Amino acid sequence: MVDTNVCLRRFRSPAIEPLTSPARLRNGVQLQTLHPRVRLVWIASTLVSAGFLAGFGVAGDAFGIRLPVGPSPLALFGGLAALVGLMGVVFAVLRYRVWGYEVRDDSLYLVRGVLTRRVSSVPFVRVQHVDTRRGPVERAVGLASVVVYTAGSRGADITVPGLTPDRATELRERLRELAADSDYDAV
Amino acid sequence: MRRLHPRSAAVDAAQGGLQLGSLGLFGGFFLANEASVLPFSVALLLAPLGFLLGAGYQVGYYYRFSYELSEEELLVTSGVVGRQRREIPLERVQNVDVSRPALKRALGLAVVRFETAGGSSTEATLDAVDPDEADRLQRQAGPEARRRREGSAGDTTGEASDATGDGATAPSGSGGSAVGDAPAANGVGDANPGARVDDTEVVYEISNHELRVLSAVSFRPGAFAIPFVGIPLGGEDLVVRALQFVGIDLRAGLRELARLDPTTLALGAVALVAAYLLAVWLVSVVLTYLQYYGFRLERTGDELRYERGLVGRYSGTIPLGKVQTVRLGENVLMRQLGYAALAVETAGYAAGSGGDGGSETTVPLGVRGDVLELARDVLAASDDTGRYKASEELSGPDASDGFADSDADEPTAAETAPVADPAFQQPAERARSRYVRRYLIGLGLVCVGLFGASRLTGLPTAAAGLPALVAPLTPLAARLKWRHRGYHETEWSLVTREGFWRRRTRIVPVFRLQTVLVSRTIFQRRWTLASVTADTASSAGGGAVVYDVGPEQAEELRVSLLDRLDNALSERRRAARERARRAAAGEGPSRAPAVSDEEPGEHAETARGDEHREPQHDGSDAATSGEGRANDETEFQWVDGVDPDGTPTNGHHDDEG
């Protein structure tokens, strides 16, 4: 093992049992949270799926399609739609509580994920470029996202959603600067 | 600008014509007979019309497709209706694959594919050209050719010998590298300025014995589907007859089956599964044999090239400077026999991927020690600062020196003792219980599924209990899974491994690390476990994963990896600046510090104002040159914060407070 005395302190977090408490401050690690309205964005996308399901149900009923066993399509798909919608709301709330990010000295640190908690560290030397993005729902709600691109295959695009447009621009510029300063080395 | 081969135009035209022609034919019949939209005479014309259109389009495409390989880039213009122009800088090209599938090979054609680091699909495809042209493209687009071109623009003797010998000698102050032992390996100024010796050496060539073993031990995923294809072709008869042998008459229907006594049923099921596996294995053997017949791996300086195939011939290049990870594959049988396979991953779309599920492509099968040796050499060659130190812990003390003449005496791999990897850290103990639970839940789900099936169909309810028979094996399975998972950190790399049936060992040089991900699924959180993923740019397999360690360990690992990435990149930057400085000073650039021996004196003058990260220039620069004497302790000490002369480096790891 590497002699940890020499390890850069700035990479260290007092961390450890990460991510069970939803508080802003987790085990001494101060993380930025997202804007609360991002929950609306997430809920909106589940509503779309729920809507599709409900639509199937209504259409099925209208065409008179019946399954050999079980409830009518309307009831079935309607039920599914309601379930999806409900779960969407629950997930959105939980996701918001988990999400956090921090711009550290040499990397971008992110915490996210409800079912699978993911803590990502993106070293600035590996950042290829940084974009801001605003989908239609985000625009309606008045939010934006920042997307960080690396050459990685699993964590290639890292998105930080739920930022106000100003904050998004600020974050983007800051990340770009940090990436440029770090003597970028792509691959 | 060149065009594709006219024969390929003819083939494509015929193909396109037939496709549209048959579409026209069936469409015509449909419209005339069923829909009665068109009179028969008109409908009849649709077929030849379709043919003409299809063929015409392909011919047009041929005439509108042109390419050119210049010194700097590949330019491809194409498109019948909308023109497309694509310029690919040769620097970006990762792999050049030439494939000659059966039909095209018979026609004397070859397909060339250029892959770059961006995107997961091929960047440019030339379908099809003359085989000689394909070889020319493959050679000229590679790093070797580029270096030689640059070299001829430069002047010194050192350049030429560096170009050829550098890859071989760079890492190896001590200890010959199996790869570099060829005639031109001795890089110090023995080449004439004008002589461009094409020193391709064969690194590995599969022997008949190895090919047979390979065919016998490989299970290709595609083979699992093929027996089902064979069923309508006569396999059904075989199955029925086989079951009759056991006493089951399939034709009697499922209700009848339910009345048979359980032992017969069980026997029948076993017989069926056995027959299926046998069929899969036979198909695998044939496919593997055809695919890896005549496999050869050559090295030209900084580039590897493989070639394989009996019916269809396939080849691809692997630029060593772009290697992201190295992957060792050993399935159960291989492990017993002491063999292993190797895959070298670059940033492009997986080098040599042909949907290989079984054998890896750089070395499909070799004696384990040899394969490890080659893996080390590849990694060492991939780091052009020459500082990569492949850890000894990768293999035991009995790694052999290089690829024996496997043709000559066909050594049995069993003679080489299976190499132990004692240094691997296993996942946490409690992970084993987790796996047991996971398997049991899986089996439970299968039971439920079978139960449901037995309700809906005539399947006997007893079948739902079958998975329970396997349940006692779960602790063993969990233990095996646990034992074959592990990780190991060395100074310059992270090594992970996993899998029992097919064990994959991944070696990721730290300087190739992209992002580090610590993840915990909901189940892992209950067990206080975490997994760490070291992501690299290679798209095949996506990085090395350390499974099921404790959260503290995961965090430690995350921090440690990021630290070492930082160190490694600083090192590379310094080495690059050194090279640039030396080149600018006109001393004959030496890519590897190993080659030049005048460095210590020169380094005293290296003072850069912007090196806020490296306050001790002299010490650390001496470390760079010291490497040439293969002084491994030097590197190690530097990283640990101690200069070669013993004074501690404050390094750039200055405390913030």
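Since the model is a prediction, treat every value here as computed from it, not as a measurement.

Details of the overall build of chain B
Next up, step 1: Scanning chain B from terminus to terminus reveals 21 helices and 19 strands.
Next up, step 2: In chain B, buried positions account for 50% of the 657 residues.
Next up, step 3: Sequence-distant contacts in chain B: of pairs separated by 6 or more residues, those separated by 24 or more amount to 63%.
Next up, step 4: Here chain B displays about 29,600 Å² of accessible surface, and carbon together with sulfur accounts for 59% of that area.

Focus on the overall build of chain A
Next up, step 1: Helices and strands together make up the secondary structure of chain A, namely four helices and eight strands.
Next up, step 2: In sequence order, the secondary structure elements of chain A are arranged as β-β-α-α-β-β-β-β-α-β-β-α.
Next up, step 3: Counting the 187 residues in chain A, one finds 43% classified as buried.
Next up, step 4: Once local pairs closer than 6 in sequence are excluded, the contacts in chain A between residues at least 24 apart make up 52%.
Next up, step 5: Of the roughly 9,500 Å² of accessible surface on chain A, 60% is carried by carbon and sulfur atoms.

Some points on the sheet that holds strand E6 (residues 127-133) of chain A
Residues and elements named next belong to chain A.
Next up, step 1: Taken together, three strands build an open sheet; the order of strands is E6-E7-E8 and the sheet is antiparallel. The sheet is open, and its two edges are formed by E6 and strand E8 (157-163), each paired on a single side. For this sheet, the mean inter-axis angle between neighbouring strands, taken without regard to orientation, is 15°.
Next up, step 2: Across five bridges, strand E7 (residues 144-150) lies against E8 in antiparallel orientation. Paired with Val146 across the bridge in E8 is Val160.
Next up, step 3: Its contacts with the sheet put helix H4 (residues 165-181) on E6, E7 and E8, and the angle it makes with E6 is roughly 170°.

A short note on the sheet that holds strand E2 (residues 73-78) of chain B
Residue and element names in this part refer to chain B.
Next up, step 1: Strands sit in the order E1-E2-E3 across an open sheet of three strands; the sheet is antiparallel. For this open sheet the edge positions go to strand E1 (66-69) and strand E3 (84-89), each flanked by a neighbour on one side alone. Within this sheet the neighbouring strands show an average axis-to-axis angle of 10°, counted without direction.
Next up, step 2: As paired elements, E2 and E3 share six bridges and run antiparallel to each other. In the sheet register, Ser78 faces E3, and the bridge partner there is Gln84.

Comments concerning the packing of helix H1 (residues 6-34) of chain B against helix H2 (residues 40-64) of chain B
All names here are of chain B.
Next up, step 1: At their nearest, the axes of H1 and H2 sit 6 Å apart, and the two run at 155° to each other. Taken as axis vectors, H1 and H2 run roughly antiparallel relative to one another. As H1 packs across H2, the resulting crossing turns out to be right-handed.
Next up, step 2: A class-by-class count of the residues in the contact of H1 with H2 yields 19 nonpolar, nine polar and one charged.

Describing unusual backbone geometry
Excluding glycine, most residues fall at negative phi; most peptide bonds, likewise, are trans.
All names here are of chain B.
Next up, step 1: Along the chain, Asp127 connects to Ala128 via a cis peptide bond; the corresponding omega equals 5°.
Next up, step 2: Along the polypeptide, Ala128 turns up in strand E6 (residues 124-129).
Next up, step 3: A positive phi angle, near 45°, is found at Thr528, a position not held by glycine.
Next up, step 4: Backbone geometry places Asp548, a non-glycine residue, at a positive phi of 50°.
Next up, step 5: Residue placement: Asp548 occurs in strand E19 (residues 544-549).

Concerning the packing of aromatic side chains
Residue and element names in this part refer to chain B.
Next up, step 1: On inspection of all chains with the given rule, the structure shows nine aromatic pairs over all chains.
Next up, step 2: These aromatic residues form a ring-pair network of at least three members: Tyr204, Tyr292, Phe295 and Tyr306.
Next up, step 3: We note Arg485 situated over the ring of Tyr547; from NZ or CZ to the ring centre the distance is 3.9 Å.

A look at the packing of helix H14 (residues 430-456) of chain B against helix H16 (residues 474-483) of chain B
Residues and elements named next belong to chain B.
Next up, step 1: At their nearest, the axes of H14 and H16 sit 8 Å apart, and the two run at 130° to each other. Here H16 runs oblique to H14, going by the angle between their axes. As for the relative orientation of H14 and H16, their crossing is right-handed in sense. When H14 is examined against H16, the residues Ala431, Arg432, Tyr435, Val436, Arg438, Tyr439, Leu440 and Leu443 are found in contact with a partner set consisting of Thr474, Pro475, Ala477, Ala478, Arg479, Lys481 and Trp482.
Next up, step 2: Tallied by class, residues from the contact of H14 with H16 come to 10 nonpolar, one polar and four charged.

Topic: the nonpolar core
Next up, step 1: Core analysis: the largest hydrophobic core is formed by 36 residues, its most contacted members being Leu297(B), Val326(B), Leu342(B) and Val378(B).
Next up, step 2: Elements with a contribution of two residues or more to this core: strand E7 (200-205), helix H7 (208-217), strand E9 (303-308), strand E11 (323-331), strand E12 (339-346), strand E13 (363-367) and helix H12 (368-382) of chain B.
Next up, step 3: With seven residues, the single largest contributor to this core is H12(B).
Next up, step 4: When neighbours within four sequence positions are excluded, Leu297(B) is seen to be in contact with Glu201(B), Val202(B), Val203(B), Tyr204(B), Leu304(B), Arg305(B), Tyr306(B), Thr362(B), Val363(B) and Leu374(B).
Next up, step 5: Grouped together as the second largest cluster of nonpolar side chains are 29 residues, Val125(A), Val532(B), Val549(B) and Leu565(B) included.

Concerning the pairing of strand E8 (residues 296-300) of chain B
All names here are of chain B.
Next up, step 1: The element E8 is extensively covered by neighbouring structure, given that four of its five residues are classed as buried.
Next up, step 2: Where E8 meets E9, five bridges bridge the pair, whose relative direction is antiparallel. What sits directly across from Leu297, in E9, is Tyr306.

A closer look at the side chain of Thr346(B)
Next up, step 1: Among the structural elements, Thr346(B) can be located in strand E12.
Next up, step 2: A polar atom in the side chain of Thr346(B) sits 3.1 Å from the side chain of Asn95(B).

As for helix H4 (residues 131-140) of chain B
Next up, step 1: Of the residues making up H4(B), those classed as buried are Pro131(B), Glu133(B), Ala134(B), Arg136(B), Leu137(B) and Gln138(B).
Next up, step 2: Where H4(B) is buried, its residues meet E1, strand E4 (93-100), strand E5 (110-116), E6, E9 and strand E10 (313-319) of chain B.

A look at the pairing of E1(B)
Residue and element names in this part refer to chain B.
Next up, step 1: As paired elements, E1 and E2 share four bridges and run antiparallel to each other. Pairing of Leu69 across the sheet is with Leu74, part of E2.
Next up, step 2: In textbook terms, the turn of a hairpin is the stretch between consecutive antiparallel strands, and for E1 and E2 this stretch comprises three residues.

Some thoughts on the pattern of salt bridges
Next up, step 1: What the rule picks out here adds up to 25 salt bridges over all chains.
Next up, step 2: For the salt bridge of Arg176(A) with Glu173(A), the shortest nitrogen-to-oxygen distance reads 3.4 Å. With a gap of three residues between them, Arg176(A) and Glu173(A) both fall in helix H4, about one helical turn apart.
Next up, step 3: Relative accessible area serves as the criterion here: at 35%, Glu173(A) is assigned to the partly exposed category.
Next up, step 4: A salt bridge links Arg376(B) to Glu373(B), with the shortest nitrogen-to-oxygen separation between them at 3.0 Å. Taken as a pair, Arg376(B) and Glu373(B) lie in helix H12 at a separation of three residues, close to a single helical turn.
Next up, step 5: One network of salt bridges, with partners in common, ties together Asp135(B), Glu205(B), Arg296(B), Glu298(B), Arg305(B), Glu307(B) and Arg313(B).

Describing helix H18 (residues 551-584) of chain B
All names here are of chain B.
Next up, step 1: For H18, built from 34 residues, the straight-helix expectation of 50 Å at 1.5 Å per residue is met to within 8% by its first-to-last C-alpha distance of 49 Å.
Next up, step 2: In terms of burial, H18 is a largely internal element, 25 of the 34 residues being buried.
Next up, step 3: Positive backbone phi, at 70°, marks Gly586, one or two positions downstream of H18.

Topic: the environment of Gly82(B)
Next up, step 1: If you trace the backbone, Gly82(B) turns up in the loop between E2 and E3.
Next up, step 2: Separated by 365 residues in sequence, Gly82(B) and Cys447(B) place their C-alpha atoms 56 Å apart.

Things to note about the environment of Phe523(B)
Residues and elements named next belong to chain B.
Next up, step 1: Checked against the element boundaries, Phe523 lands in helix H17 (residues 522-526).
Next up, step 2: Using a relative accessible area of 52% as the deciding quantity, one classes Phe523 as exposed.
Next up, step 3: Separated by 89 residues in sequence, Phe523 and Arg434 place their C-alpha atoms 8.5 Å apart.

The rules behind each value
Residues numbered from 1 in each chain as written. Chains lettered and ligands numbered in written order. Predicted model: local features only at pLDDT ≥ 70, side-chain atom pairs only at ≥ 80, totals over all residues. Heavy atoms only, no water. Helix = DSSP H or I, 4+ residues; strand = E, 2+ residues; numbered from the N terminus. Buried < 20%, exposed > 50% of the residue type's maximum accessible area, 1.4 Å probe, protein only. Contact = heavy atoms within 4.5 Å. Areas by Shrake-Rupley, 256 points an atom, 1.4 Å probe, with all protein chains shown as cover. Pairing = 2+ DSSP bridges. Axes fitted to C-alpha atoms, helices over the stretch in contact; angles between N-to-C directions. Parallel < 35°, antiparallel > 145°, perpendicular 65-115°, else oblique. Left-handed = near helix turned anticlockwise from the far one by under 90°. Nonpolar A, V, L, I, M, F, W, Y, C, P; charged D, E, K, R; others polar. Phe/Tyr/Trp six-rings, centres within 6.5 Å; stacked < 30°, edge-to-face > 60°. Lys NZ or Arg CZ within 6 Å of the ring centre and 35° of its normal. Core = buried A, V, L, I, M, F, W, Y, C linked by side-chain atoms within 4.5 Å. Polar contact = N/O pair within 3.5 Å; in protein donor to acceptor, adjacent residues only side chain to side chain. Salt bridge = Lys/Arg side-chain N within 4 Å of Asp/Glu carboxyl O. Expected span 1.5 Å × (residues − 1).

As far as function goes, none of this settles anything; it's purely spatial.
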